[in-house]
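# Coordinates in review
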Amino acid sequence: MFRKLSVVFIIIGLAGCARPTDHGQQYLDGEFESNLNQVSAIQSEQPTDFRSFKEQSQKVIDGSPSMTMRYQGLYTQLQLWADESGDLATLTNYGIDFSQMGGGDKQGNVLMTGYFSPVIDLRRTKDDVYQYPLYLKPSCIDDCPTRAEIYDGALDGQGLELGYAENLIDPFIMEVQGSGFVDFGDSETFDYFSYGGKNNHPYVSIGRVLIERGEVPRKKMSLKAIKEWVEKQDDATVRELLEQNTSYVFFSPRGEAPVKGTAGIPLIGGASVAADRDLFPMGTPLLAEVPQLDEEGVWNGKWVLKLLIALDTGGAVKENHLDLYHGMGLQAGIDAGHYKHFGRVWKLGVEGTETAAAGVSLNSTSEEPIPES
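Below or above, wherever it landed, is the structure these notes cover. (Residues numbered from 1 in each chain as written. Predicted model: local features only at pLDDT ≥ 70, side-chain atom pairs only at ≥ 80, totals over all residues. Heavy atoms only, no water.)

### Remarks on the state of the cysteines
When the sulfur atoms of two cysteines share a covalent bond, that bond is a disulfide. One pass over the full model with this rule turns up one disulfide. A sulfur-sulfur separation of 1.9 Å characterises the disulfide bridge that pairs Cys140 with Cys144. Here the S-S torsion is close to 100°, and the disulfide linking Cys140 with Cys144 is therefore right-handed. Its relative accessible area of 11% is what places Cys140 among the buried residues. (Disulfide = S-S within 2.5 Å. Buried < 20%, exposed > 50% of the residue type's maximum accessible area, 1.4 Å probe, protein only.)

Here it is as structure tokens:
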């Protein structure tokens, strides 16, 4: 199970404010009443890229008999539509119905953030360079030590060490993502460390702390900005910052294994999202206008229409918020860290079945979480 914590979040109100457009917001569809709203047509002029849908949907079919029973027919029809037409006006000809997400501003703007699978260097034994341990979860429930207490050695001598990193920030980033790959330096393959529980202390955004302290401007905040700040500090300063987040995530080694989401399905970068399962049961296909960013993480004024599948969840991924999986490694991390943009999204289904997309209505909120990194 691949679980994540959101990188860093603040809350801002969108309703009633001037209409911002700097993060890909659009205002094409009027006002919506609910999180999911029945619409008569999907109108989008954006270019399409449906190439990854076939691979991701096949992972679902190969990995989950229950989701196969529910979604195989829908996936087949969507792939047929993508291959034969891809014209939005013909979706209903393939038996597909749809409902549009209302967005946190009730004007169709759905927040899209990003997450990824880090790759960090570890060593199996402690030495002068690799000194910072990653841990299995100890046998505690409500009385687990805080991050500061763990850094002080509260878990030493319990045989929980999984390996040692050369700094504190790389394991911390892997905690934020909820899992990742490790390179022990003694083979040509990576081991996968999945989410193994947490210490149940409050999560505090270090990005927010850096903004409040005036260390990083709000507009520049990203995972890359955090790492660049860390590289300029000594170990004690970095530790003091990280200790502001009392929450701590433990890991479970899985050997050589693919990245899997909450649904237990291997994830394909750019084809899967974490979503609120109250709105989107695992396996739900979505059509989304995905904002495109330049190398600096700035929205380039373009979107691409993609077929995505909801296969993961996250503690901060609620209602009108999708977390797009970007893949594995450094570049995926940079891309995901910049992602805090908006696009229009439609839930897809087959009318008259349990996957039906139309007619679903849940109350939406007027505030939207916006990540700082």
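Structure's up, so let's keep going.
### Some words on the side chain of Thr68
Within the secondary structure, Thr68 sits in helix H2 (residues 65-84). If we skip the residues at most four places from it in the chain, Thr68 touches Val60 and Ile61. (Helix = DSSP H or I, 4+ residues; strand = E, 2+ residues; numbered from the N terminus. Contact = heavy atoms within 4.5 Å.)

### With respect to the packing of aromatic side chains
Where two aromatic rings form a pair, the distance of their centres and the angle of their planes describe that pair. Under the definition given, this model contains ten aromatic pairs. Ring centres of Trp299 and Trp303 lie 5.0 Å apart, and the angle between their planes is 55°; on these two criteria the pair is classed as tilted. On the basis of relative accessible area, Trp303 is assigned to the buried category, the value being 10%. Counting every residue linked through ring pairs, the aromatic cluster contains Phe53, Tyr71 and Tyr75. One Lys or Arg, Arg124, reaches over the ring of Phe184 and ends 3.9 Å from the middle of that ring. (Phe/Tyr/Trp six-rings, centres within 6.5 Å; stacked < 30°, edge-to-face > 60°. Lys NZ or Arg CZ within 6 Å of the ring centre and 35° of its normal.)

### Details of the nonpolar core
Within the largest apolar cluster, 36 residues are counted, with the highest numbers of intra-cluster contacts made by Leu78, Trp81, Leu287 and Leu307. If you list the elements that add at least two residues to this core, you get helix H1 (53-63), H2, strand S3 (96-101), strand S13 (299-312) and strand S16 (345-350). In terms of residues, this core owes the most to one element, H2, which gives seven residues. Look past the residues within four positions of Leu287 in its chain and what remains in contact with it is Ile42, Phe50, Leu88, Leu305, Lys306, Leu307, Arg344, Val345, Trp346 and Leu348. Judged by nonpolar contacts, the second largest core, of 30 residues, contains Ile169, Met221, Leu241 and Ala336. (Core = buried A, V, L, I, M, F, W, Y, C linked by side-chain atoms within 4.5 Å.)

### Details of the sheet that holds strand S8 (residues 180-183)
Backbone hydrogen bonds hold the strands of a sheet together, and the pairing may be parallel or antiparallel. On the basis of which strands lie adjacent, the open sheet formed by four strands has the order S5-S8-S9-S10 and mixed pairing. Here the strands that pair on one side only, and so sit at the sheet edges, are strand S5 (119-121) and strand S10 (249-253). Between one strand axis and the next, the sheet turns by 40° as a mean value, whatever way the strands run. With four bridges joining them, strand S9 (residues 191-198) and S10 adopt antiparallel strand pairing. Residue pairing across strands places Tyr195 opposite Phe251, the latter belonging to S10. (Pairing = 2+ DSSP bridges. Axes fitted to C-alpha atoms, helices over the stretch in contact; angles between N-to-C directions.)

### Focus on the sheet that holds strand S12 (residues 285-293)
Taken together, the nine strands give an open sheet; going across it, the order is S2-S3-S16-S12-S13-S11-S14-S4-S15, and neighbouring strands pair in mixed fashion. Lying at the two open borders of the sheet, with one neighbouring strand each, are strand S2 (36-38) and strand S15 (340-343). The sheet shows a mean angle of 45° between the axes of neighbouring strands, direction not considered. Note: strand S11 (residues 272-274) against strand S14 (residues 321-328), two bridges, orientation antiparallel. In the strand pairing of S14, Val273 is matched with Leu324.

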